[in-house]
Amino acid sequence: MNIVIERAAVEHVDAIAAICSFGWKQTVEGKLSEEYQNKHAIEWYHHERVKSDVEKGSYTHVAMVDSKVAGVIGGAIMEPGVSRVFVLYVDEKYRYQGIGRQLLNILTEEHKEEGAKKQRVSVQDGNQRGIPFYEARGFRLQEKKNGVTDTGEPFVNLQYSRRL
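Residues numbered from 1 in each chain as written. Predicted model: local features only at pLDDT ≥ 70, side-chain atom pairs only at ≥ 80, totals over all residues. Heavy atoms only, no water.

### As for the pairing of strand E4 (residues 82-90)
Argument step 1. Burial analysis of E4 places 7 of its 9 residues in the buried class, the great majority of the element.
Argument step 2. Taken together, strand E3 (residues 68-79) and the strand that follows it, E4, pair antiparallel across an intervening segment of 2 residues, in which Gly81 is found at a positive phi of about 80°.
Argument step 3. Each parallel crossover has a hand, and for E4 linked through helix H4 (residues 99-113) to strand E5 (residues 118-124) it is right-handed. (Buried < 20%, exposed > 50% of the residue type's maximum accessible area, 1.4 Å probe, protein only. Helix = DSSP H or I, 4+ residues; strand = E, 2+ residues; numbered from the N terminus. Pairing = 2+ DSSP bridges. Right-handed = clockwise from strand over helix to strand, strands pointing away.)

Below, the structure is given as C-alpha cells:
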C-alpha cells in the first residue's frame, strides 16, 4: 500500500467530513446520546464548516491511498513552544497500517521546525483507539476535565502531552 501525505485542500473536504464524523462518533459511542452525536457531527463536520477549517489551516494534512483520502490530521502552535493536535482520524478501512503515525509525524516535524517543544492532545475518556495510540507515542496523561454537554450529559476529557 502506497501512502502519500499531502496538504489538506478543498477537494478533500467531503472525505475529511465523512472520516471525522464517523471517527468522532466512534469515540463517544456508548458515552454520549445519539441525539448529541448527531447534532454535533452535523455542526462540526458539515461541508461548509470543514471547507472553512481547511482554508484556515485547522485541518493540515491528509493521507492518500490510491488517490483516496484515508486519514486526516489538524493542529497548530497555540502558544509559544506548544503544539496542539486538534483532530486525527483514519478511515476505518485503513486503520492499523501506520497512517495515523505518519500523519502525526509530519505534523510534529512541522511544529518542531516552528519552535514547538511540547505537544498536547485532548482525548475522550474511554477512547480505546486514541488513548493507546497517543500513549505509545510518548504522550502522558496530564489532567482529566469533567464537563456537561449542551444536552445535559456528563463527559470526561483527558488532556495528554509529550515533550518534543
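### Considerations on unusual backbone geometry
Argument step 1. Notably, Asp66 is not glycine yet its phi reads approximately 50°, a positive angle.
Argument step 2. In this fold, Asp66 is placed in the loop between strand E2 (61-65) and E3.
Argument step 3. Even without glycine at this site, Tyr96 takes up a positive phi of about 65°.
Argument step 4. The exposure class assigned to Tyr96 is exposed, which follows from its relative accessible area of 75%.

### Here we look at the packing of aromatic side chains
Argument step 1. All chains considered together, the criterion is met by 5 aromatic pairs.
Argument step 2. Taking 6.3 Å as the distance between ring centres and 80° as the angle between the ring planes, the aromatic pair formed by Trp44 and Tyr45 counts as edge-to-face.
Argument step 3. Owing to a relative accessible area of 13%, Tyr45 belongs among the buried residues under this scheme.
Argument step 4. Judged by centre distance (5.1 Å) and plane angle (85°), the ring pair of Phe133 and Tyr134 falls under edge-to-face. Just as Phe133 is buried, Tyr134 falls in that class too. (Phe/Tyr/Trp six-rings, centres within 6.5 Å; stacked < 30°, edge-to-face > 60°.)

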